[in-house]
Amino acid sequence: MNDCLSTLAPESIAPAQRPSSCAKAAPRFSWQILPAREVRPEGWLRTMWKEDFEEGLPGRLDVINQDVTKELFAAQCCPIVHDGEKPTWWPGEQEAYWHESFIHAAFQVGNPSAVKRITEYVERILLSQSEDGYLGIYDPDSRFLSREDPRYGDKGGEFHTQAHLFLALIAFHEHTKREDVLVAVEKAAQLTIRHYPKGPFGITGEQASIACGNGHSITFIDAMMQLYRLTGNECYLRYVAVMYECYLEYPQRNLDLGRKILEDPIARFVAHGVHTAESFHLPSALKVAGVSGANRLAASAMQKLQWHLTPGGALVSNEMIEERLGNGHALYEYCGQAELIKSLAWIAQYESDTHAAELAARLYLNASLGARLHPLGALQYLSCDDRLEIPDLPQAGAIKEIGLSKHFQLSSIVRPTCCTASSGRPVHYYLSSGWMKQPSGDALALMNFMPCVLETEMDGTELKIEEQTDYPFSDSVRLSVTVSEPKHIPIAVRIPSDGALVVADLPGMETEVKDGLLWLRKVWQSGDVVEISIKFPVKLEKTQDGSAYYLRRGPLTFGLPFETQVSKVSENPNWRNGEASGLYEYAVDVADASKWGSRIDPSETFEVVRLPGDLQHPWTNPVIGLRGKLIDDKGKAFEVTLVPLAAAISRRVTFLDISHAASEAAQTSEDHDVTIGY
């Protein structure tokens, strides 16, 4: 048996030496995502994040949703509820989701009162840690049940809730440098590993009802890979391998990451989209751990993912993927896309996978930002790229009758709360996909352009790089360097798959292209400035199912905007006192939808145009567009200006070509056959 798959002995999980930074911490990674405190947003990215946090769900969901306020981790009093009652892992999951994003936002936008509040929250959790190291939601009688215990299988969610609590605490550690927080997480994680040395799955756990929390247990790999990144302790990598062996041993809730599908060259993904997205980095993590055959599994997973991506970069999931190929009307869950951005960013660091980094940016800048309002006061649990009107649908009937529920509505509160609780997570994972460092600490990589500031240490030298850009709305990137002393530091810049980088000459700088990266080598001095220009073509592409065309330039997918009326239908009350919350349910109406059936002539040329928008608010006042001609219902060409998908609430992204009848192009999809996946 591969040594990585052997059962862990207790002595193999002794705490690692605490590194002062991520340098040299995870030698098996190609690159490492930097500690969150070392990269901060600027420009439109910071403006958006600040407004989202102060006015929207990332900072205010607790006003209207009690689930995220219960402090189950501090109380440690939950039983494993059964006999038809609501499982306690749901609010535990959502409390952790929301607080992870709250932590990142509080520090990144510099909100002192929010920092004080979240610090007190973390302190309460640390005080709750039992002598043996336990951190979680369960009371003593519900912890560490046998894998054959029906309660464990039916409603248990220990691994899943712990994993997301650990991510939140790790976020706090990264922003504050507090080693006691990381020690607490390691102690709790190692306790869980000791109790389940052969993995989390069992006879009951994977054969239980569709709503079981144990179906999400594989998310514990998130905590394992983060702890390996921060400590270099290979016991965490070995446990990822152990978990996968256990995962394959029993009937699997999520078939997509099992060998049967990954080793079949024509098999498509079929399972619950969020399950697939949240652990999509698993095959690549197994590759890092040295598991035999993992290279093939990781390559297959990435190939199959492509088939199921929409023009906006989202993973198709009408809750379940069910072999659907990507197109403009396919539905996708908001929280699933948050998880996929995370997985893709992490894959980029594991393998220096520049394509994964590029996919993370495309997804965030299109489908993720396009499924919400600005500021983030509401979102669609289930959205799609081609989107016209969004009616106000009352919560009626059983949740299985999803066509009658709020899952399609532009809403500030949806049940389950996973999407609204996750609303603030995508921006952090997008930011983390920007700058990375080699485990040796000898080089930096700029994987995704965005306005931000990097401040880190390179072998004793303090380095600051101000990335001055309006990207993706500008093709110009300016890197301004400040160092505490002259230092030779290689900087690798990801080359877009369909674009070119032009770097202005700088005295003493050498360049080299290797493995999808443009390497810049120089003894850097304070005041050095690297001017980068990106050349993107306008590309006409086909959807994955081959049904229609769409236009893309660089990371942005474009669509035909419709004049939209967004109406507040009702206000969700403050759950504590019934008073006004300022968070609403919305309806979206389009007065003139006559251009919905527009078609495209594939030979038509579209050109980039600058629009008189607002560079601080480019998603509500677009600053860039594509100008060209579409074909109307009478076969006549007319001029249009397409805008970024996420800059239009109502938009048509995909177009049939002129071989199709106008009546066919004008049809709207009824592909809303949805089942809840949990």
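Residues numbered from 1 in each chain as written. Predicted model: local features only at pLDDT ≥ 70, side-chain atom pairs only at ≥ 80, totals over all residues. Heavy atoms only, no water.

**Student:** Looking at this structure, how should I read the packing of aromatic side chains?
**Tutor:** Aromatic ring pairs: the centre-centre distance and the angle between the two ring planes describe each pair. Overall, the coordinates contain 23 aromatic pairs when judged by the stated rule. Residues phenylalanine 144 and tyrosine 196 carry aromatic rings whose centres are separated by 6.2 Å and whose planes lie at 55° to one another, so their mutual orientation is tilted. Residue phenylalanine 144 is found in the loop between helix 5 (112-128) and helix 6 (150-155), and its partner tyrosine 196 is found in the loop between helix 8 (179-195) and helix 9 (220-231); the two are separated by 52 residues along the sequence. Accessibility expressed as a relative area gives 16% for phenylalanine 144, which makes it buried. Classification of tyrosine 196 as buried rests on a relative accessible area of 5%. (Phe/Tyr/Trp six-rings, centres within 6.5 Å; stacked < 30°, edge-to-face > 60°. Helix = DSSP H or I, 4+ residues; strand = E, 2+ residues; numbered from the N terminus. Buried < 20%, exposed > 50% of the residue type's maximum accessible area, 1.4 Å probe, protein only.)

**Student:** Just checking my understanding: could you explain the sheet that holds strand 10 (residues 461-469) for this structure?
**Tutor:** Strand pairing in a sheet relies on backbone hydrogen bonds. The paired strands run either parallel or antiparallel. One open sheet accounts for six strands, arranged 2-9-10-11-18-14; its pairing is antiparallel. Where the open sheet ends on each side, the last strands, each with one partner, are strand 2 (39-41) and strand 14 (500-503). Along the sheet, successive strands turn relative to each other by an average axial angle of 20°, direction set aside. In this sheet, strand 18 (residues 529-535) lies alongside strand 14 in antiparallel orientation, the contact comprising four bridges. Counted as the bridge partner of leucine 501 is isoleucine 534 from strand 18. (Pairing = 2+ DSSP bridges. Axes fitted to C-alpha atoms, helices over the stretch in contact; angles between N-to-C directions.)

**Student:** What am I meant to see in the confidence of the model for the chain here?
**Tutor:** Reading predicted coordinates in detail is not appropriate for stretches of low pLDDT. Residues at a pLDDT of 70 or more form 90% of the chain, whose mean pLDDT is 90. Below a pLDDT of 50 lies the segment residues 205-211, which in the model reaches 21 contacts outside its immediate sequence neighbourhood of four places, other chains included. Per-residue pLDDT stays below 50 along residues 674-678; that stretch engages in 34 contacts with residues further than four places along the chain or on separate chains. (pLDDT = per-residue confidence, 0-100. Contact = heavy atoms within 4.5 Å.)

**Student:** Help me out: how do you make sense of the sheet that holds strand 13 (residues 491-494) in this one?
**Tutor:** The strand order across the open sheet built from six strands is 1-7-8-13-16-15, with neighbouring strands paired in mixed fashion. Only two strands of the sheet have a single partner each, and these edge strands are strand 1 (32-33) and strand 15 (510-514). Sheet topology note: the strand 13/strand 16 (residues 517-521) ladder contains four bridges and is antiparallel. If you follow alanine 492 over to strand 16, its bridge partner there is tryptophan 519.

**Student:** What is the right way to look at the nonpolar core in this model?
**Tutor:** Generally speaking, a soluble globular protein has its nonpolar side chains buried in company with each other. By size, the foremost hydrophobic cluster in this structure holds 209 residues, and its most contacted members are Met224, Leu305, Trp435, Trp524, Ile532 and Trp619. Counting residues per element, this core draws most heavily on helix 10 (residues 235-249), which supplies eleven residues. With near-sequence residues (within four places) excluded, tryptophan 524 lies in contact with Val481, Val483, Glu485, Pro486, Lys487, Ile489, Ile491, Leu506, Met509 and Val530. Ala378, Ile390, Leu410 and Val588 belong to the second largest nonpolar core, which has seven residues in total. (Core = buried A, V, L, I, M, F, W, Y, C linked by side-chain atoms within 4.5 Å.)

**Student:** Would you explain helix 16 (residues 354-368) in this entry?
**Tutor:** Spanning 15 residues, helix 16 covers 20 Å between terminal C-alpha atoms, matching the ideal 21 Å at 1.5 Å per step. For helix 16, a buried count of 14 out of 15 residues is recorded, marking the element as mostly surrounded by other parts of the structure. If you check the start of helix 16, you find a side-chain oxygen 3.1 Å away from the backbone N of histidine 355, and it comes from aspartate 353. (Expected span 1.5 Å × (residues − 1). Polar contact = N/O pair within 3.5 Å; in protein donor to acceptor, adjacent residues only side chain to side chain.)

**Student:** Help me out: how do you make sense of the pairing of strand 16 in this one?
**Tutor:** Of all five residues that make up strand 16, four are buried, and the element is covered over most of its length. Where strand 15 and strand 16 come together, five bridges link them in antiparallel fashion. Looking across to strand 16, one finds that lysine 514 is bridged to leucine 517. Here strand 15 folds back onto strand 16, and the loop between the two strands holds two residues, one of which, aspartate 515, carries a positive phi near 55°.

**Student:** For this particular structure, what's the right way to read the pattern of salt bridges?
**Tutor:** Throughout the structure, instances matching the rule amount to 31 salt bridges. Between glutamate 358 and arginine 362 there is a salt bridge, with its nearest N and O atoms 3.2 Å apart. Within this pair, glutamate 358 and its partner arginine 362 are both found in helix 16, separated by four residues, close to a single helical turn. When sorted by exposure, glutamate 358 lands in the same class as arginine 362, which is buried. For arginine 521, the salt bridge identified is with glutamate 512, shortest N-O distance 2.8 Å. Looking at arginine 521, the relative accessible area reads 27%, which means it is partly exposed. For glutamate 512, a relative accessible area of 36% puts it in the partly exposed group. By sharing partners, the salt bridges in this structure join Glu100, Asp222, Glu339, Lys342 and Arg425 into a single network. (Salt bridge = Lys/Arg side-chain N within 4 Å of Asp/Glu carboxyl O.)

**Student:** Even after reading the chapter, I still don't get the side chain of histidine 173, so can you show me in this structure?
**Tutor:** In this structure, histidine 173 sits in helix 7 (residues 158-176). Under the relative-accessibility criterion, histidine 173 is labelled buried at 6%. When residues no more than four places from it in sequence are discounted, the contact partners of histidine 173 are Arg37, Arg178, Glu179, Val181, Leu182 and Leu230.

**Student:** What is the right way to read the environment of aspartate 180 from this model?
**Tutor:** Relative to the elements of secondary structure, aspartate 180 occurs in helix 8. Its relative accessible area of 39% is what places aspartate 180 among the partly exposed residues. Engagement of the side chain of aspartate 180 in a polar contact is seen with the side chain of arginine 178, the distance being 2.8 Å.

**Student:** Before we go on, may I ask you to explain unusual backbone geometry in this structure?
**Tutor:** The step from histidine 374 to proline 375 runs through a cis peptide bond, and the omega angle for that step is -10°. With respect to the element layout, proline 375 can be found in the loop between helix 16 and strand 4 (379-380). With an omega of 10°, the peptide bond between tyrosine 471 and proline 472 qualifies as cis. One can find proline 472 in the loop between strand 10 and strand 11 (476-483). One non-glycine residue, phenylalanine 144, lies in positive phi territory at about 55°. Positive phi, close to 65°, is recorded for lysine 177, a residue that is not glycine.

**Student:** Explain the packing of helix 15 (residues 334-351) against helix 16 here, please?
**Tutor:** Helix-helix packing is characterised by the crossing angle of the two axes and by the distance between the axes. At a minimum axis distance of 8 Å, the contact between helix 15 and helix 16 shows a crossing angle of 155°. Of the possible angle classes, the one that applies to helix 15 and helix 16 is roughly antiparallel. Where helix 15 crosses over helix 16, the two elements pack in a sense that is left-handed. Contacts between helix 15 and helix 16 involve Tyr334, Gln337, Leu340, Ile341, Leu344, Ala345, Ile347 and Ala348 from the former and Ala356, Ala357, Leu359, Ala360, Leu363, Tyr364 and Ser368 from the latter. In terms of residue class, the contact of helix 15 with helix 16 is built from 13 nonpolar, two polar and no charged. (Parallel < 35°, antiparallel > 145°, perpendicular 65-115°, else oblique. Left-handed = near helix turned anticlockwise from the far one by under 90°. Nonpolar A, V, L, I, M, F, W, Y, C, P; charged D, E, K, R; others polar.)

**Student:** Explanation requested: the packing of helix 14 (residues 294-307) against helix 15 in the structure shown.
**Tutor:** Helix 15 packs onto helix 14 with a crossing angle of 140° between their chain directions and a minimal axis gap of 13 Å. Viewed along their axes, helix 14 and helix 15 adopt a mutual orientation that is oblique. Considering only the axes of helix 14 and helix 15, their crossing is left-handed. Within the contact between the two elements, helix 14 uses Ala298, Met302 and Leu305 and helix 15 uses Leu340, Leu344, Ile347 and Glu351. In the contact of helix 14 with helix 15, the residues fall into six nonpolar, no polar and one charged.

**Student:** I tried to follow the pairing of strand 21 (residues 556-561) on my own but got confused; where do I start?
**Tutor:** Each regular strand shows side chains that alternate between the opposite faces of the sheet. Within strand 21, five of the six residues are buried, which leaves it mostly tucked inside the rest of the structure. Two elements, strand 20 (residues 549-553) and strand 21, share three bridges in a ladder whose sense is antiparallel. Bridge pairing in strand 21 links leucine 551 to phenylalanine 558. Following strand 20, the chain reverses through two residues before pairing antiparallel with strand 21; glycine 554 in that reversal takes a positive phi of roughly 60°. Alignment of strand 21 against strand 26 (residues 637-644), held across two bridges, turns out to be antiparallel. Bridging from a neighbouring strand, phenylalanine 558 pairs with proline 644 of strand 26. With two bridges joining them, strand 21 and strand 27 (residues 651-652) adopt antiparallel strand pairing. Paired with leucine 560 across the bridge in strand 27 is arginine 652.

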